[in-house]
Amino acid sequence: MSKLEAIAQAIEAGKVKIIGGLVEEALAENVDPLTILNQGMIQTMSIVGEKFKQGDIFVPEMLIAAKAMKKGVEVLKPRLAGQANISLGTCIIGSVAGDLHDIGKNLVAMMIESAGFEVIDLGVDVSSETFIKTIKEHPEVRLVAFSALLTTTLPAMQSAVAAVKASGLQGFKIIVGGAPITQAYADQIGADGYAPDAGSAAVTAKQLIA
Ligand code: B1M
């Protein structure tokens with residue numbers, strides 16, 4: 001079995017204790033960190049999601065797979081994040097109200113940070129009020145980033161964008177993303193930018209504030 005297959009299997013089975021070691025072994029064998037992330041981990045989470053949808057697994061299995069993925073990403077992080085030595089300003093990021101998914105949001109935060117932003121990560125289930133309060137506390141903010149993974153939290157994302165815009169606060173751009181989000185949806189709710197994945201979120205973030 002290849003190291004990538006072993007990583008995929010460990011994530012799917014939620015083997016939190018061994019995943020770190022497997023990732024380290026793959027890195028030691030010079031497997032590209034992005035390949036480990038995309039093929040070993042993100043692809044596996046899609047399989048987990050599909051099995052959940054089909055009723056083959058349930059929330060606890062999805063949760064332990066997520067824990068294993070988080071652990072693997074921790075080990076991978078130093079190899080994925082570049083060392084930006086200039087600050088592009090502050091980015092406030094969070095998963096919108098009602099949304100508890102944070103793996104993708106964490107990857108986006110990591111990539112935006114490595115692109116040169118100071119990141120304030122508000123976590124999951126973040127209300128519009130908390131976003132606005134944090135923007136007020138950080139007048140240097142250049143970017144506000146909303147993540148949503150559920151079709152049922154799309155309205156919360158729309159409300160968050162609308163509330164931040166209606167607050168009259170200025171000096172920053174809004175970027176949105178997450179599995180159910182499209183460019184068309186981002187345009188519809190008035191976001192300044194959209195990115196389909198963590199890598200392009202970092203690129204778009206820089207373009208938005210240029
Ligand atoms: Co949830 N879940 N989940 N879940 N879960 C999905 C999203 C689902 C698609 C599974 C399925 O049915 N196939 C489905 C949503 C269906 C829908 O809305 N149409 C679903 C469901 C239904 C649910 C619950 C309702 C289940 C239940 O309780 N009955 C529940 C809701 C909880 C809540 O949020 N209120 C729930 C719970 C959970 C867990 C807690 C068990 C766990 C999350 C743990 C955690 O995050 N800490 C979980 C998981 C793990 C998943 C799947 C399997 C994996 C998500 C993931 O981490 N993917 C997921 C199925 C799937 O995605 N295929 C599923 C890997 C990650 C790297 O990708 O998050 O897409 P992703 O992030 C990408 C891009 O989307 C993008 O970049 C990231 C990296 O490249 N991106 C951005 C994300 N945010 C961005 C922001 C940007 C730009 C890009 O700019 C700001």
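Here's what I pulled together on the structure shown here. From a predicted model like this one, the values you see are computed outputs, not experimental measurements.

Let us now look at the side chain of T204. By the secondary structure assignment, T204 is in helix α9 (residues 198-209). Excluding anything up to four places from it in sequence, T204 contacts I175, G193, Y194 and A195.

Sheet architecture is open: five strands sit in the order β2-β1-β3-β4-β5, paired in parallel fashion. The open sheet has two edge strands with one neighbour each: β2 (117-121) and β5 (193-194). For strand β4 (residues 173-177) and β5, the ladder comprises two bridges, and the chain directions are parallel. Residue I175 lies in a different strand from β5, and its bridge partner there is G193. Strands in contact with helix α5 (residues 103-114) are β1 (89-95), β2 and β3 (141-147); relative to β2, the strand with the most contacts, it is inclined by about 155°.

Tallied over the full model, the rule gives seven salt bridges. A salt bridge links K3 to E29, with the shortest nitrogen-to-oxygen separation between them at 3.2 Å. Here K3, found in helix α1 (residues 3-12), pairs with E29, found in the loop between α2 (16-28) and α3 (33-54); they are 26 residues apart in sequence, far enough to count as distant. Take E29: its relative accessible area is 48%, and that puts it in the partly exposed class. Notably, a salt bridge pairs E137 with K133, separated by 3.2 Å at the nearest N-O pair. With E137 and K133 both in helix α6 (residues 128-137) and four residues apart, the pair spans about one turn of that helix.

The subject of this paragraph is the pairing of β1. A large share of β1 lies buried, amounting to seven of its seven residues. In this region the chain leaves β1, passes through α5 and returns to the parallel neighbour β2; the handedness of that crossover is right-handed. Pairing of β1 with β3, which is carried by six bridges, proceeds in the parallel orientation. Bridging from a neighbouring strand, C91 pairs with L143 of β3.

On to the site of the ligand, then. Surrounding the ligand, one finds 35 residues, the nearest of these being L100, H101, D102, S147 and T151. Between G49 and the ligand, the recorded distance is 2.9 Å, taken from a backbone N or O atom to a nitrogen atom. In this structure, an oxygen atom belonging to the ligand sits 3.1 Å away from a main-chain N or O atom of A179. Elements supplying a minimum of two residues to the shell around the ligand: α3, α4 (59-80), α5, β3 and β4. Here the shell around the ligand gets six residues from one element, more than from any other, and that element is α3. Grouping the constituent residues of the shell around the ligand by class yields 21 nonpolar, nine polar and five charged. For the shell around the ligand, the domains that each give at least three residues are domain 1 (3-80) and domain 2 (89-209).

About the criteria used
Residues numbered from 1 in each chain as written. Predicted model: local features only at pLDDT ≥ 70, side-chain atom pairs only at ≥ 80, totals over all residues. Heavy atoms only, no water. Helix = DSSP H or I, 4+ residues; strand = E, 2+ residues; numbered from the N terminus. Contact = heavy atoms within 4.5 Å. Pairing = 2+ DSSP bridges. Axes fitted to C-alpha atoms, helices over the stretch in contact; angles between N-to-C directions. Salt bridge = Lys/Arg side-chain N within 4 Å of Asp/Glu carboxyl O. Buried < 20%, exposed > 50% of the residue type's maximum accessible area, 1.4 Å probe, protein only. Right-handed = clockwise from strand over helix to strand, strands pointing away. Near = heavy atom within 4 Å. Polar contact = N/O pair within 3.5 Å; in protein donor to acceptor, adjacent residues only side chain to side chain. Nonpolar A, V, L, I, M, F, W, Y, C, P; charged D, E, K, R; others polar. Domains from an automatic or database assignment.

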